[in-house]
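# Examining the three-dimensional arrangement
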Amino acid sequence: MASAPAQKTFTVGTRSSKLALLQTDLVVNELRKAYPDYKFEVLSKETAGDKNTTIAFREFTTKNLWTEELEELLIAGKVDFIVHSLKDVPTLIPAECALGPMMKRADRRDVLVMKKGLPAQTLADLAPGSVVGTSSIRRTAQLARQYSHLKVINMRGNIGTRLAKLDAEDSPYTCIILAAAGLLRLDLGDRISQYLDSENGGMLYAVGQGALGIEIRKDDKVMYDMLSNIGDEETTLECLAERNLLRILEGGCSAPLGVETEWVQASDGSKKLRFKAIIVSVDGTESTEVEIDGAVDSPKSAEAFGETVAKALVADGAGKILEAIQESKKSA
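On a predicted model such as this, the values are computed, not experimentally measured, just so you know. (Residues numbered from 1 in each chain as written. Predicted model: local features only at pLDDT ≥ 70, side-chain atom pairs only at ≥ 80, totals over all residues. Heavy atoms only, no water.)

## Thoughts on the overall build of the protein
To be explicit about the condition: Helix numbers and strand numbers start at the N terminus; a helix is a DSSP run of H or I with at least 4 residues, a strand a run of E with at least 2. In this setup the radius of gyration rests on C-alpha atoms only. A globule is expected at 2.2 Å times the number of residues raised to 0.38. Accessibility throughout is a Shrake-Rupley quantity obtained with a 1.4 Å probe, and a residue counts as covered only by protein chains that appear here. Asp and Glu count as negative and Lys and Arg as positive, but His and the ends of the chain are not part of the count. For charged residues, the charge sits on one atom: NZ in Lys, CZ in Arg, CG in Asp, CD in Glu.
When helices and strands are tallied, the protein shows ten helices and 13 strands. Here the C-alpha atoms of the protein give a radius of gyration of 20 Å, agreeing with the 20 Å that 2.2 N^0.38 yields for 332 residues. Its C-alpha atoms give the protein principal-axis dimensions of about 60 × 50 × 40 Å. Approximately 15,100 Å² of the protein is accessible, and the part contributed by carbon and sulfur atoms is 49%. Within the protein, the 48 negative side-chain charges are centred at a point lying 3 Å from the centre of the 41 positive side-chain charges.

## Digging into the pattern of salt bridges
The condition is simple: For salt bridges, the criterion is a side-chain nitrogen of Lys or Arg within 4 Å of an Asp or Glu carboxyl oxygen. A 1.4 Å probe rolled over the protein chains alone gives each residue an accessible area, and that area as a share of the maximum for its type sets the label: buried under 20%, exposed over 50%, partly exposed in between.
Summed over all chains, the structure comprises 22 salt bridges. Glu238 serves as the salt-bridge partner of Arg108, at 2.7 Å between the closest nitrogen and oxygen. Taken together, the residues span a long stretch of sequence, with Arg108 in the loop between strand 4 (97–99) and strand 5 (110–114) and Glu238 in helix 8 (residues 233–249) at a distance of 130 residues. Each member of the pair, Arg108 as well as Glu238, is classed as buried. With a shortest N-O distance of 3.7 Å, Lys320 and Glu286 are connected by a salt bridge. In this pair, Lys320 sits in helix 10 (residues 318–331) while Glu286 sits in the loop between strand 12 (271–280) and strand 13 (287–294), placing the two residues 34 residues apart along the sequence.

## Focus: the packing of helix 8 against helix 9 (residues 299–315)
Applicable threshold: Inter-axis angles, ranging from 0 to 180 degrees, are taken between N-to-C directions of lines fitted to C-alpha atoms, where helices are fitted over the stretch in contact. Throughout, the term roughly parallel applies to angles under 35 degrees, roughly antiparallel to angles over 145, roughly perpendicular to angles from 65 to 115, and oblique to all others. Handedness of a crossing follows from how the near helix is turned relative to the far one, being left-handed for an anticlockwise turn of less than a right angle and right-handed for a clockwise one. Should any heavy atoms of two residues lie within 4.5 Å, those residues are counted as being in contact. Three categories are distinguished: nonpolar for Ala, Val, Leu, Ile, Met, Phe, Trp, Tyr, Cys and Pro, charged for Asp, Glu, Lys and Arg, and polar for the others, with Gly belonging to the last.
With their axes 7 Å apart at the nearest point, helix 8 and helix 9 run at an angle of 40° to one another. By the angle between their axes, helix 8 is oblique relative to helix 9. Our pair here, helix 8 against helix 9, has a crossing hand that is right-handed. Between helix 8 and helix 9, the residues in contact are Leu237, Leu240, Ala241, Asn244, Leu245, Ile248 and Leu249 and Pro299, Ala302, Glu303, Gly306, Glu307, Val309, Ala310, Leu313 and Val314, respectively. Residues that form the contact of helix 8 with helix 9 fall into these classes: twelve nonpolar, two polar and two charged.

## A closer look at the nonpolar core
Definition in use: For our purposes a nonpolar core is just a set of buried Ala, Val, Leu, Ile, Met, Phe, Trp, Tyr and Cys residues, chained together by side-chain atoms within 4.5 Å.
Within the largest apolar cluster, 33 residues are counted, with the highest numbers of intra-cluster contacts made by Leu245, Leu257, Ala277 and Leu313. When contributions to this core are tallied by element, the ones reaching two or more residues are helix 8, strand 11 (257–265), strand 12, helix 9 and helix 10. No other element matches the seven residues that helix 8 contributes to this core. Membership of the second largest hydrophobic core comes to 18 residues, among which are Val12, Val27, Ile216 and Leu227.

## Points about the sheet that holds strand 6 (residues 131–133)
Rules: Note on pairing: two strands pair once DSSP finds at least 2 bridges between them.
Across the sheet, which stays open at both edges, the five strands sit in the order 7-6-8-5-9 with mixed pairing between neighbours. Single-partner strands in this sheet number two, and they are strand 7 (151–153) and strand 9 (192–196). Adjacent strand axes in the sheet meet at a mean angle of 30°, parallel and antiparallel pairs treated alike. Looking at chain direction, strand 5 and strand 8 (residues 175–179) are connected through five bridges and run antiparallel. Looking at the pairing, Leu112 lines up with Ile177 of strand 8.

## Some details on helix 7 (residues 221–228)
Applicable threshold: Directions from the helix axis toward the C-beta atoms define the arc.
Buried within helix 7 we find Met223, Met226 and Leu227. Taken around the axis of helix 7, the buried residues stretch over an arc of 95°, which confines them to a single face. In the core, the buried residues of helix 7 are packed alongside strand 1 (9–15), helix 1 (18–34), strand 2 (39–45), strand 3 (81–85) and strand 10 (212–217).

## Concerning helix 3 (residues 68–75)
By the burial criterion, the buried members of helix 3 are Glu69, Leu70, Glu71, Leu73 and Leu74. The first or second residue beyond helix 3 is Gly77, which carries a positive phi of 80°.

## Here's the deal with the packing of aromatic side chains
The line we're drawing: We call Phe, Tyr and Trp rings a pair once their centres come within 6.5 Å, taking the six-membered ring for Trp, and we label the pair stacked below 30 degrees between planes, edge-to-face above 60, and tilted otherwise.
Applying the stated criterion to the full structure yields four aromatic pairs. Arranged with centres 6.4 Å apart and planes meeting at 65°, the rings of Phe10 and Tyr38 form a pair that is edge-to-face. Taken together, the residues span a long stretch of sequence, with Phe10 in strand 1 and Tyr38 in the loop between helix 1 and strand 2 at a distance of 28 residues. Each member of the pair Phe10 and Tyr38 is classed as buried.

## Overview of the pairing of strand 8
Of all the five residues making up strand 8, five are buried; the element is thus mostly covered by neighbouring parts of the structure. The side-chain alternation of strand 8 yields two buried faces, one formed by Cys175, Ile177 and Ala179 and the other by Ile176 and Leu178. Relative to strand 8, strand 6 runs parallel, the two sharing two bridges. In the sheet register, Gly133 faces strand 8, and the bridge partner there is Ile176.

## Let's talk about the side chain of Ser136
Relative to the assigned elements, Ser136 resides in the loop between strand 6 and helix 4 (137–146). Looking at Ser136, the relative accessible area reads 13%, which means it is buried.

Next comes the structure, spelled out in structure tokens:
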């Protein structure tokens with residue numbers, strides 16, 4: 001363990017939603033266990049993404065909807081670190097900032113949640129014309145690819161807001177798709193009708209989903225060392241690989257990119273990272289997917305592996321799909 005820092009009190013920045021505060025508590029509680037003699041205070045605030053909950057993600061021109069205001073506090077020295085849902089953190093962050101080591105990842109899958117009163121179903125069970133609520137271009141594209149009989153209507157807001165919209169008596173929604181991690185952290189696992197992955201439902205998740213991104217000042221070695229003591233190496237490496245894939249594809253948060261990573265035992269006894277990735281056109285008519293195993297044992301090799309997967313996707317036609325999406329955005 002690194003030597004204890006001289007600083008006695010640390011301030012953590014976070015969004016003010018119930019889930020964001022709960023996730024911040026997860027980090028702070030681990031730090032308190034490792035550093036019982038130090039104080040950790042929470043500073044929360046609403047961000048642009050919290051204030052505008054009507055526009056679909058794909059319509060935004062900026063990708064830092066949930067991070068910019070908090071990063072300004074971090075750079076100004078008003079907070080010592082920020083806790084984000086990693087999937088909300090753009091792949092390009094301010095030069096003054098860096099992501100620290102990550103704690104063990106929670107369930108990274110998407111899940112299907114049915115309107116209250118309806119029986120538990122799977123995506124394949126849903127009747128033609130059933131309405132699925134989501135604002136994610138990734139989810140929309142993958143639904144269009146495999147479940148063209150379903151209708152997708154935009155839905156935004158925090159988890160409580162989305163569940164309320166779904167369950168309202170006059171709601172048009174049959175179901176919604178959410179990240180498993182948020183529901184489980186809020187003790188709402190009983191709402192889950194189906195867990196979704198490549199084998200069940202054929203849905204790959206978002207880059208970084210289920211992980212917490214802890215952002216620090218780039219030159220803050222004290223904070224980096226503290227986070228190293230509560231970090232999980234496998235989570236950190238797989239998320240770095242996923243994020244570099246997304247960065248190279250230049251799709252940012254709105255790219256229709258789904259991923260799935262897991263650690264597997266190679267024939268020589270070593271551990272390798274198995275990386276599945278898919279890019280789907282928004283209408284679901286075109287897609288390209290790859291599955292590659294790679295040796296990953298450091299941040300540098302993780303990012304290099306993400307680049308390898310990105311090049312494989314582009315070679316298989318991903319560039320054409322992404323270019324078409326960018327052109328449609330420009331014309332809109």
